[in-house]
Amino acid sequence: MINFDFFKNKHSKLLGPAVVGLLIIITLLAYVKIFNAEFVYDDYAFIVNNYDIQSFKPFSKFFLSPDIFTGSSYHTETGGGKNWRPIASLVFAAEFALFGKNPSGFHFTSILLHILNLILVYLLIVKLTKRIGVAALTTAFWALHPTATEAVSWVANQSSLIFFGFFILAVLTLLGYQENKNKKFLLWISYLFFTLSLLTKETALGGIFIIPFIFLADSKQRGKIDFRRIFISSLPFAFIGLTYFYARYKILGALGDHALRGSFLENLALAPA
């Protein structure tokens, strides 16, 4: 195994970018065939035949229409299929304005989003471990793992790539605030990124269960775990999540077909995943 941390010399600042560059090349090679892929499955309902995302007027529809993401004619075997993902819908609209019904442009965007997330994951692991080798191996495992294939290859699932990127940005800015409490603006930017993550895909609600562990890590570094401070610090994120959940319910008139699957306890247990 290559010990990346061995290279501690005057050129060590170039090691990180070189590692990221290599990871990007390997990831592109792994997904190169996607550029020639066609639309499949829900791509037709959500994009090709979804006339609501084929223009930006009125702009309010992206946040107020219950049909904007899935299309007004979409339904499942159980009858429904409504969902509310305003940011993802805006991205689809921007892509349609640029590429029309050409799937190659959409696939290019998916790969670009995956590459950007790769960089964010690398930065996160470096910040947490301070070790380039660990970050490189972890990022490679994440970027090339087969479970990422659906999100990268299936255009309709771009929302997974976008919400994940926003959530990692929320975590990175939160860690930046913990390193320097004088930079209060970083905390507010973290709130913003978490909100954007929620507005992209409801899966981001699981972040409510993850954020407290970030505050826990900061508390442990200070030598004393203050559960009260952890709870209070996590409350704004929980409030943002509950506000989103309420807005989603008001827009859809229900939880939505994609919000809960199985029992409430099953979803509660699976949310952090």
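A.B. asks: Requested: an account of the overall build of the protein chain, with residues and values cited.
C.D. replies: Looking only at helices and strands, the protein chain features twelve helices and zero strands. The secondary structure elements of the protein chain, listed N-terminal to C-terminal, are α-α-α-α-α-α-α-α-α-α-α-α. Buried residues in the protein chain amount to 44% of all 273 residues. Summarising the internal contacts of the protein chain: among those between residues at least 6 apart in sequence, 68% fall at separations of at least 24. If you sum the accessible surface of the protein chain, you get close to 15200 Å²; carbon and sulfur atoms cover 69% of it.

A.B. asks: Quick rundown of the environment of Phe-209? Include the residues and the values.
C.D. replies: Relative to the helices and strands, Phe-209 resides in helix α10 (residues 207–221). Among the residues examined, Phe-209 registers a relative accessible area of 34% and is labelled partly exposed. With 29 residues separating them along the chain, Phe-209 and Ala-238 place their C-alpha atoms 8.8 Å apart.

A.B. asks: Requested: an account of the side chain of Ser-160, with residues and values cited.
C.D. replies: With respect to the secondary-structure elements, Ser-160 resides in helix α8 (residues 158–179). Taking relative accessible area as the criterion, Ser-160 reaches 14% and is therefore assigned buried. Of the polar contacts made by the side chain of Ser-160, one reaches the side chain of Asn-157; its length is 2.9 Å. Setting aside its immediate chain neighbours within four residues, Ser-160 contacts Ala-151 and Lys-201.

A.B. asks: Break down the packing of aromatic side chains for me, with residues and values.
C.D. replies: Applying the stated criterion across every chain, the model contains 17 aromatic pairs. Ring centres of Phe-166 and Phe-193 lie 6.3 Å apart, and the angle between their planes is 25°; this geometry places the pair in the stacked category. Taken together, the positions of Phe-166 in helix α8 and Phe-193 in helix α9 (residues 184–200) put the pair 27 residues apart, joining distant regions of the chain. Both residues of the pair, Phe-166 and Phe-193, count as buried. Three or more aromatic residues joined by ring pairs make a cluster, and in this case those are Phe-167, Trp-188, Tyr-191, Phe-194, Phe-215 and Phe-237.

A.B. asks: How would you sum up a nonpolar patch on the surface? Please name residues and give values.
C.D. replies: Together, Leu-22, Ile-26 and Leu-144 give the surface a local cluster of nonpolar side chains, amounting to about 250 Å² of exposed area. Mapping Ile-26 onto the fold places it in helix α1 (residues 15–31). With a relative accessible area of 36%, Ile-26 lands in the partly exposed category.

A.B. asks: Break down the environment of Phe-96 for me, citing the residues and quoting the values.
C.D. replies: The topology assignment puts Phe-96 in helix α4 (residues 86–99). When its relative accessible area of 14% is taken as the criterion, Phe-96 is described as buried. Linking Phe-96 and Ile-47, residues 49 residues apart in sequence, is a C-alpha distance of 7.8 Å. Filtering out sequence-adjacent residues up to four positions away, Phe-96 remains in contact with Ile-47, Ile-53, Gln-54, Lys-101 and Phe-106.

A.B. asks: Kindly report on the confidence of the model for the protein chain, identifying the contributing residues and their values.
C.D. replies: Summarising the model, the protein chain shows a mean pLDDT of 82, and 83% of its residues fall at 70 or more. Mean pLDDT values over the elements of the protein chain span from 58, in helix α12 (residues 264–270), up to 93, in α9. A low-confidence stretch, residues 6–11 (pLDDT under 50), is modelled with two contacts involving residues beyond four sequence positions or located in other chains.

A.B. asks: Give me the packing of helix α5 (residues 103–129) against helix α6 (residues 132–144): which residues, what numbers.
C.D. replies: Close contact between α5 and α6 brings their axes to 8 Å; oriented N to C, the two are set at 145°. Taken as a pair, α5 and α6 cross one another with a handedness that is right-handed. Contact residues: His-114, Asn-117, Leu-118, Val-121, Tyr-122, Ile-125, Val-126 and Thr-129 in α5; Ile-132, Val-134, Ala-135, Ala-136, Thr-138, Thr-139, Trp-142 and Ala-143 in α6. Classifying every residue of the contact of α5 with α6 gives eleven nonpolar, five polar and no charged.

A.B. asks: Quick rundown of the pattern of salt bridges? Include the residues and the values.
C.D. replies: Inspection of the entire model under this criterion finds three salt bridges. The residue Arg-85 makes a salt bridge to Glu-202 at a minimum N-O spacing of 2.7 Å. Of this pair, Arg-85 sits in the loop between α3 (61–64) and α4 while Glu-202 is found in the loop between α9 and α10, placing the two residues 117 residues apart along the sequence. Note on accessibility: Arg-85 and Glu-202 belong to one class, buried. Measuring nitrogen to oxygen at the nearest pair gives 3.3 Å for the salt bridge that ties Glu-179 to Lys-127. With a gap of 52 residues between them, Glu-179 in helix α8 and Lys-127 in helix α5 connect regions that are remote in the sequence. Relative accessible area serves as the criterion here: at 53%, Glu-179 is assigned to the exposed category.

What counts, and where the lines are drawn
Residues numbered from 1 in each chain as written. Predicted model: local features only at pLDDT ≥ 70, side-chain atom pairs only at ≥ 80, totals over all residues. Heavy atoms only, no water. Helix = DSSP H or I, 4+ residues; strand = E, 2+ residues; numbered from the N terminus. Buried < 20%, exposed > 50% of the residue type's maximum accessible area, 1.4 Å probe, protein only. Contact = heavy atoms within 4.5 Å. Areas by Shrake-Rupley, 256 points an atom, 1.4 Å probe, with all protein chains shown as cover. Polar contact = N/O pair within 3.5 Å; in protein donor to acceptor, adjacent residues only side chain to side chain. Phe/Tyr/Trp six-rings, centres within 6.5 Å; stacked < 30°, edge-to-face > 60°. Patch = residues over 30% accessible without salt bridge, like charges linked within 9 Å, V, L, I, M, F, W, Y side chains within 5 Å. Salt bridge = Lys/Arg side-chain N within 4 Å of Asp/Glu carboxyl O. pLDDT = per-residue confidence, 0-100. Axes fitted to C-alpha atoms, helices over the stretch in contact; angles between N-to-C directions. Left-handed = near helix turned anticlockwise from the far one by under 90°. Nonpolar A, V, L, I, M, F, W, Y, C, P; charged D, E, K, R; others polar.

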